[in-house]
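Examining the three-dimensional arrangement
Each chain is listed here by its residues.
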Amino acid sequence: MALERPRRGKMIGGVCAALSARFGLPKFLVRLGFVIFGLVGIGELVYIALWIIIPKAPV
């Protein structure tokens, strides 16, 4: 399965949904990880970079 942002089941950009689908993890764990890393100061930057890098799923 390719890494691509879904059109459904996303909250903001679909980055967490894409990562959870690719690696078989629950979405809430991936989102929680980004929140924790966001408190440290790197989560937002990584999320924005992945939002730009990961393509959207085809229609």
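Here, the structure is the one placed above.
Read on for a plain summary of the structure.

What counts as what
- Residues numbered from 1 in each chain as written.
- Predicted model: local features only at pLDDT ≥ 70, side-chain atom pairs only at ≥ 80, totals over all residues.
- Heavy atoms only, no water.
- Patch = residues over 30% accessible without salt bridge, like charges linked within 9 Å, V, L, I, M, F, W, Y side chains within 5 Å.
- Areas by Shrake-Rupley, 256 points an atom, 1.4 Å probe, with all protein chains shown as cover.
- Salt bridge = Lys/Arg side-chain N within 4 Å of Asp/Glu carboxyl O.
- Helix = DSSP H or I, 4+ residues; strand = E, 2+ residues; numbered from the N terminus.
- Buried < 20%, exposed > 50% of the residue type's maximum accessible area, 1.4 Å probe, protein only.
- Contact = heavy atoms within 4.5 Å.
- Phe/Tyr/Trp six-rings, centres within 6.5 Å; stacked < 30°, edge-to-face > 60°.
- Lys NZ or Arg CZ within 6 Å of the ring centre and 35° of its normal.

1. Comments concerning a nonpolar patch on the surface
- Residues Met-11, Ile-12, Ile-48, Trp-51, Ile-52 and Ile-53 make up a contiguous nonpolar surface patch of about 710 Å² in total accessible area.
- Positionally, Ile-52 belongs in helix H3 (residues 43-53).

2. Some details on helix H1 (residues 15-23)
- Buried within H1 we find Val-15, Cys-16, Ala-17, Ala-18, Leu-19 and Ser-20.
- Against the buried residues of H1 lie helix H2 (27-40) and H3.
- Remark: Gly-24 follows H1 within two positions and exhibits a positive phi of approximately 70°.

3. Comments concerning the environment of Gly-24
- One can find Gly-24 in the loop between H1 and H2.
- By relative accessible area, which is 64% here, Gly-24 ends up exposed.
- When the C-alpha positions of Gly-24 and Gly-43 are compared, they lie 20 Å apart, and in sequence the two are 19 residues distant.

4. Looking at the packing of aromatic side chains
- This structure, assessed with the given rule, holds two aromatic pairs.
- Measuring from ring centre to ring centre gives 5.4 Å for Phe-34 and Tyr-47, while their planes differ by 90°; the resulting arrangement is edge-to-face. Residue Phe-34 is found in helix H2, and its partner Tyr-47 is found in helix H3; the two are separated by 13 residues along the sequence.
- You can call Tyr-47 buried: its relative accessible area is 15%.
- Aromatic side chains Tyr-47 and Trp-51 sit 5.9 Å apart centroid to centroid with 75° between the ring planes, which places their arrangement in the edge-to-face category. Linking Tyr-47 with Trp-51, this pair stays in helix H3, spanning four residues, or about one helical turn.
- Among the aromatic residues, those joined into a ring-pair cluster are Phe-34, Tyr-47 and Trp-51.
- Its end group placed over the ring of Phe-23, Arg-22 keeps NZ or CZ at 5.8 Å from the ring centre.

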